[in-house]
Amino acid sequence: FRAFDHFVQGMHGINAITPESIASAIFHYQQAIAIEPRYAKALAKLAWAHLIDAELGWSDDPAASIKQARQAADAAVSADDAEAWAHWALAGCMIYDLQHDRALTIMRRALELNPNDADVLTDMGLFCAWAGEPEEALVYALKAIRINPHHPEFYTDQLGMIYFNARQYENAIRTLEGLRTLCTPPTLFHLAASHA
């Protein structure tokens, strides 16, 4: 129960996406893993927390954060190869290493394991957009929102970025300007570029 409590607190932190909340998420996932070293979901989300920390410029050592993310993702897959989130985390490491094809292959495995996981679907959309497939990306992202209508704001943020990649600039502006609390450098970049 203590490991799960830390996991839930980590989920709250990672979905808020602020420097403080990501630091809190890393702490709580580490605590969960200290109690249950083969807790695949916690390992997967620890990987994501490190990736977000590096991507958004909040990590003191981005290279070290990315290395820690890969270690956690590998450990998640090793702990439970049938856990969709483990493969999702590994795909995240691949996408940040610019291995788009490999990332999409791994994401397909994650979706085979859990085809209606909205978190995985929304990231599959973003990954498709980054891989040059924005129309396919929109299918995944909009399906994720249908499945989880009370989704965290990062779904909306990513949908705006996908609209930008699809050259649907008015949709991108409307979507990104609709964010209530989330405001990161990539959000502002995509909003400014859409206006331009």
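Anything mentioned here points back to the structure above.
Residues numbered from 1 in each chain as written. Predicted model: local features only at pLDDT ≥ 70, side-chain atom pairs only at ≥ 80, totals over all residues. Heavy atoms only, no water.

Structural notes on the nonpolar core
Stated precisely, the cut-off is as follows: Working definition of a nonpolar core: buried Ala, Val, Leu, Ile, Met, Phe, Trp, Tyr and Cys residues. They are joined through side-chain atoms within 4.5 Å. Buried means the residue's accessible area, taken with a 1.4 Å probe over protein chains only, is under 20% of the maximum for its type, while exposed means over 50%, and partly exposed covers the values in between. Any pair of residues with heavy atoms lying within 4.5 Å of one another is described as a contacting pair.
With 68 residues, the main nonpolar core has Ile 14, Tyr 29 and Phe 127 as its most contacted residues. Apart from residues lying up to four places away in sequence, Ile 14 is in contact with Ser 21, Ile 22, Ala 25, Tyr 29, Lys 45, Trp 48, Ala 49 and Ile 52.

Comments concerning the packing of aromatic side chains
The criterion, for reference: Between the rings of Phe, Tyr and Trp (Trp by its six-membered ring), a pair exists once the centres lie within 6.5 Å; its type follows the angle of the planes, with under 30 degrees stacked, over 60 edge-to-face, and the other angles tilted. By definition, any uninterrupted DSSP run of H or I lasting at least four residues is a helix, any uninterrupted run of E lasting at least two residues is a strand, and each is numbered from the N terminus. Charge-over-ring contacts are defined here by two conditions on Lys NZ or Arg CZ: a distance within 6 Å of the ring centre and an angle within 35 degrees of the ring normal.
Per the stated rule, a full pass over the model turns up 12 aromatic pairs. A centroid spacing of 6.4 Å and a plane angle of 25 degrees characterise the contact between Phe 4 and Phe 7, whose relative ring orientation is stacked. A residue pair is termed a helical-turn pair when its members lie 3 or 4 positions apart in one helix, as Phe 4 and Phe 7 do in helix 1 (residues 2–16) at three residues. Residue placement shows Lys 41 over the ring face of Trp 85; its charged tip is 3.8 Å from the ring centre. Across the ring face of Trp 85, the terminal group of Lys 45 is positioned such that the distance to the ring centre comes to 5.2 Å.

Considering the packing of helix 4 (residues 62–79) against helix 5 (residues 84–96)
For the record, the criterion: Only the stretch in contact is used when a helix axis is fitted, and all axes are lines through C-alpha atoms; the angle between N-to-C directions ranges over 0 to 180 degrees. Oblique is the label for any angle not under 35 degrees, not over 145, and not in the 65 to 115 range, which are roughly parallel, roughly antiparallel and roughly perpendicular in turn. Two helices crossing with the near one rotated counterclockwise from the far one by less than a right angle form a left-handed crossing, whereas a clockwise rotation gives a right-handed crossing.
It is the contact of helix 4 with helix 5, at a shortest axis distance of 8 Å, that shows an interaxial angle of 150 degrees. Between helix 4 and helix 5, the crossing angle belongs to the class labelled roughly antiparallel. Crossing handedness for the pair helix 4 and helix 5: left-handed. Side by side, helix 4 and helix 5 meet where Ala 69, Arg 70, Ala 73, Asp 74, Ala 76 and Val 77 of the first sit next to Ala 86, His 87, Ala 89, Leu 90, Cys 93 and Met 94 of the second.

Thoughts on unusual backbone geometry
Unlike most non-glycine residues, Leu 98 shows phi in positive territory, near 65 degrees. When you line up the elements, Leu 98 lands in the loop between helix 5 and helix 6 (100–113). The residue Arg 167 is not glycine, and still its phi comes out positive at about 65 degrees. Judged by relative accessible area, which is 66%, Arg 167 ranks as exposed.

Some words on the pattern of salt bridges
Put simply, the rule reads: By salt bridge we mean one thing: a side-chain nitrogen of Lys or Arg within 4 Å of a carboxyl oxygen of Asp or Glu.
Applying the stated criterion across every chain yields a total of five salt bridges. Across the pair Glu 83 and Lys 41 runs a salt bridge whose closest N-O atoms are separated by 3.4 Å. Separated by 42 residues along the polypeptide, Glu 83 in the loop between helix 4 and helix 5 and Lys 41 in helix 3 (residues 40–55) bring together distant segments of the chain. Residue classification places Glu 83 among the buried positions, given a relative accessible area of 14%.

Examining the side chain of His 190
In plain terms, the rule: Whenever a nitrogen or oxygen atom comes within 3.5 Å of another N or O atom, the pair is scored as a polar contact, on the condition that within protein one atom can donate a hydrogen and the other can accept it, and that pairs from neighbouring residues in sequence are kept only if both atoms are in side chains.
Within the fold, His 190 resides in helix 11 (residues 185–195). Taking relative accessible area as the criterion, His 190 reaches 10% and is therefore assigned buried. Among the polar contacts listed, one links the side chain of His 190 to the backbone oxygen of Pro 186, at a separation of 2.7 Å. Here His 190 is in contact with Met 161, Phe 164, Asn 165 and Leu 176, once residues within four sequence places are set aside.

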